Amino acid sequence: MTALLRFSDVSLRRGGRLLVEGMSLELRPGEALQISGRNGSGKSSLIRLAAGLLTAERGEVERSALALADDAVALDRERPLAAALSFWGGDLEPALADFGIAHLAGVPVRLLSSGQLKRATLARVQASRAPLWLLDEPLNALDSDGFERLSVALDKHRAGGGAVLAASHQPLPGDWRRIDLGQSA
Amino acid sequence: MIHALIARDARRALAGHAWLPIAFFALVVALMPFAVGPDARLLARIGPGVLWVAALTAALLPIERLIEPDRADGVLDQLTLRGIADESVAVAKIVAHWLTFGPLLLVAAIPGAALLGMDGGALLRAELALAIGTVALAALAVAVAAVTASLPRAGALAGLLLLPLAVPLLIFGIADAPLLETAVALLLTAGAPFVAGAAIRAGRT
């Protein structure tokens, strides 16, 4: 019962299509699992199912406290980055520094580039101190420096007993177990 | 977190869209003397009705800003992940919306009543009725905003949904029956968070 995320015989249907059928998996502290698959194969839906934002048609999902980073920024566009992020709480300053956006703290969110916003959502995940990270396409818009910083953050998180579930069609830094959702575009 | 959400929503509204319905309300009221002519007795008689119709239409304006931006931007999802029920989010949004809609409208009704030649007693009765009514209008606006979030041309649809539900408020508000109006307002305000919460959940994809 140390698993941070457990799927028991889970089926998920979206828009009449069965995306996942009878899936069972377990994510323990220190583990990282990548969901790969083509566009439209249901990677994001699986992440949202793990987060509890979607409900499974069948089966059970157990989850610990978690944090999610996806393409939705969820930051007030008119506010400075640090103020917008502080709404969500957590240990913000080290996270901003780790993702190399501490110097942007005073810049309004609407002026940031998509790569900077991606770093901000990843920093929010790290700041949350949640043991389970759910990352939906974490490499989108990240440059090589951002890639390095994410790699360091992931290593630190896993070394500290955290687990990661990430959806990406690209190779992620570090060693990952992989689930391929396969075909269907 | 709920307090932070109320404060955030109120701040965002006051920084922008909260002023639009108030300006619209004042404008509609100010048009009325031009529309019906300078007959002071007629104006005073229709005054409360004018204030109400102006308030009802003004209540429609902010609907598209209440839920949809936060849905599209993932704010509602992040709130859910922090263990906050969608119904609680709806309550926070109703409170924040009323705070930036009700009091401003009540203030704007004072010069409005003067333009319409309403006397002090009529103004007082209208203010009381609007004070009760705006609470229910704010709740209805949030519920309708949640139901229509993510739909194309949600604003027009929202008007068709909200106005019929607001008719009992209008009737009892105009009829000077504050108890009955309060009863209707309570019903609408108590039901709205559940409607909004269910709509937010159903809208998740």
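Residues numbered from 1 in each chain as written. Chains lettered and ligands numbered in written order. Predicted model: local features only at pLDDT ≥ 70, side-chain atom pairs only at ≥ 80, totals over all residues.

### As for the overall build of chain B
In step 1: Check the secondary structure of chain B and you find 11 helices and zero strands.
In step 2: Each helix (α) and strand (β) of chain B, taken in turn from the N terminus, gives the series α-α-α-α-α-α-α-α-α-α-α.
In step 3: Relative to the 2.2 N^0.38 estimate, which gives 17 Å for 205 residues, the radius of gyration of chain B is 17 Å and therefore close to what a compact globule would have.
In step 4: Of all intrachain contacts in chain B linking residues separated by at least 6 positions in sequence, the fraction that spans at least 24 positions is 83%. (Helix = DSSP H or I, 4+ residues; strand = E, 2+ residues; numbered from the N terminus. Rg over C-alpha atoms; globule rule 2.2 N^0.38 Å. Contact = placed C-beta atoms within 7 Å.)

### Some remarks on the overall build of chain A
In step 1: In terms of helices and strands, chain A carries five helices and eight strands.
In step 2: Traced from its N-terminal end to its C-terminal end, chain A shows the element sequence β-β-β-α-β-β-α-α-α-β-α-β-β.
In step 3: Seen along its three principal axes, the alpha-carbon backbone of chain A occupies a region of about 45 × 35 × 30 Å.
In step 4: Looking at chain A as a whole, 42% of its 185 residues are labelled buried.
In step 5: In chain A, the share of contacts with a sequence separation of at least 24, taken over all contacts with a separation of at least 6, comes to 73%. (Buried ≥ 20, exposed ≤ 12 C-beta atoms within 10 Å, placed from the backbone.)

### Observations concerning the interface of chain B and chain A
Size of an interface: often given as the accessible area lost when the parts come together.
In step 1: At the interface, 12 residues of chain B touch 13 residues of chain A.
In step 2: Top element by residues in the side of chain B that touches chain A is helix α6 (residues 75–81) of chain B. It accounts for five residues.

### Some details on the sheet that holds strand β7 (residues 163–167) of chain A
Note on sheets: strands pair through backbone hydrogen bonds, and any given pair is parallel or antiparallel.
All names here are of chain A.
In step 1: On the basis of which strands lie adjacent, the open sheet formed by five strands has the order β5-β6-β7-β3-β8 and parallel pairing. Sheet topology places β5 (66–69) and β8 (177–180) at the edges, where each strand pairs with a single neighbour. Taken pair by pair, the neighbouring strands of this sheet meet at an average axis angle of 15°, ignoring direction.
In step 2: Inspection of the sheet shows strand β3 (residues 32–36) paired to β7 by four bridges, in the parallel sense. Along β7, the bridge assignment pairs Gln-34 with Ala-166. (Pairing = 2+ DSSP bridges. Axes fitted to C-alpha atoms, helices over the stretch in contact; angles between N-to-C directions.)

### Examining the sheet that holds strand β4 (residues 58–63) of chain A
Residues and elements named next belong to chain A.
In step 1: Spatially, the three strands line up as an open sheet ordered β2-β1-β4, and their pairing is antiparallel. Each of the sheet's edge strands pairs with one partner strand only, and the pair in question is β2 (17–27) and β4. Direction aside, neighbouring strands of the sheet carry axes that sit 25° apart on average.
In step 2: Sheet topology note: the strand β1 (residues 5–14)/β2 ladder contains seven bridges and is antiparallel.

### Here we look at the packing of helix α7 (residues 86–99) of chain B against helix α9 (residues 120–148) of chain B
In a pair of packed helices, the angle between the axes and the distance between the axes together describe the arrangement.
Residues and elements named next belong to chain B.
In step 1: Where α7 meets α9, the closest approach of the two axes is 9 Å, and the angle between their N-to-C directions is 130°. Regarding the angle of α7 to α9, the classification is oblique. Here α7 and α9 pass one another in a crossing that is right-handed. On α9, the residues touching Ala-90, Lys-93, Ile-94, His-97 and Trp-98 of α7 are Thr-134, Val-135, Ala-138, Ala-139, Ala-141, Val-142 and Ala-146. (Parallel < 35°, antiparallel > 145°, perpendicular 65-115°, else oblique. Left-handed = near helix turned anticlockwise from the far one by under 90°.)

### Focus on the nonpolar core
In step 1: Ranked by size, the top nonpolar core spans 125 residues in total, and within it Leu-140, Ala-141, Val-142 and Ala-146 of chain B carry the most contacts.
In step 2: Counting residues per element, this core draws most heavily on α9 of chain B, which supplies 17 residues. (Core = buried A, V, L, I, M, F, W, Y, C linked by C-beta atoms within 7 Å.)

### A closer look at helix α3 (residues 40–60) of chain B
Since the α-helix advances by 3.6 residues per turn, residues separated by three or four positions end up pointing in the same direction.
Residues and elements named next belong to chain B.
In step 1: Along its 21 residues, α3 runs 29 Å from first to last C-alpha, staying within 8% of the 30 Å computed at 1.5 Å per residue.
In step 2: Along α3, the sharpest change in direction is near 50° and occurs at Gly-47; proline Pro-48 comes one to four residues later.
In step 3: Listing the buried residues of α3 in full gives Gly-47, Pro-48, Val-50, Leu-51, Trp-52, Ala-54, Ala-55, Leu-56, Ala-58, Ala-59 and Leu-60.
In step 4: For α3, the elements touching its buried residues are α2 (19–36), α4 (63–66), α8 (102–115), α9 and α10 (154–174). (Expected span 1.5 Å × (residues − 1). Bend = angle between axes of the 7 residues up to and from the residue.)

### Focus on the environment of Leu-46 of chain A
All names here are of chain A.
In step 1: With respect to the helices and strands, the residue Leu-46 is situated in helix α1 (residues 43–51).
In step 2: Exposure remark for Leu-46: the 26 C-beta atoms within 10 Å place this residue in the buried category.
In step 3: Between the alpha carbons of Leu-46 and Val-164 there is a distance of 13 Å; along the sequence they are 118 residues apart.
In step 4: Discounting residues that sit within four places of it in the chain, Leu-46 has contacts with Leu-12, Val-20, Ile-35 and Ala-167.

### Some details on the environment of Ala-166 of chain A
Residues and elements named next belong to chain A.
In step 1: With respect to the helices and strands, the residue Ala-166 is situated in strand β7.
In step 2: Among the residues examined, Ala-166 registers 23 C-beta atoms within 10 Å and is labelled buried.
In step 3: Along the sequence, Ala-166 and Ala-32 sit 134 residues apart, while their C-alpha atoms lie 7.8 Å from each other.
In step 4: When residues no more than four places from it in sequence are discounted, the contact partners of Ala-166 are Gln-34, Leu-135, Pro-138 and Leu-172.

### Some thoughts on the packing of α9 of chain B against α10 of chain B
Residues and elements named next belong to chain B.
In step 1: The contact between α9 and α10 brings their axes to 9 Å, and the two run at 155°. On the basis of the axis angle, α9 is roughly antiparallel to α10. Here α9 runs over α10; the crossing is right-handed. Here α9 contributes Ala-129, Gly-133, Ala-136, Leu-137, Leu-140, Ala-141, Val-144, Ala-145, Val-147 and Thr-148 to the contact with α10, which in turn contributes Ala-154, Leu-157, Ala-158, Leu-161, Leu-162, Leu-165, Ala-166, Leu-169 and Gly-173.
In step 2: Among the residues making up the contact of α9 with α10, the classes are represented as 16 nonpolar, three polar and no charged. (Nonpolar A, V, L, I, M, F, W, Y, C, P; charged D, E, K, R; others polar.)

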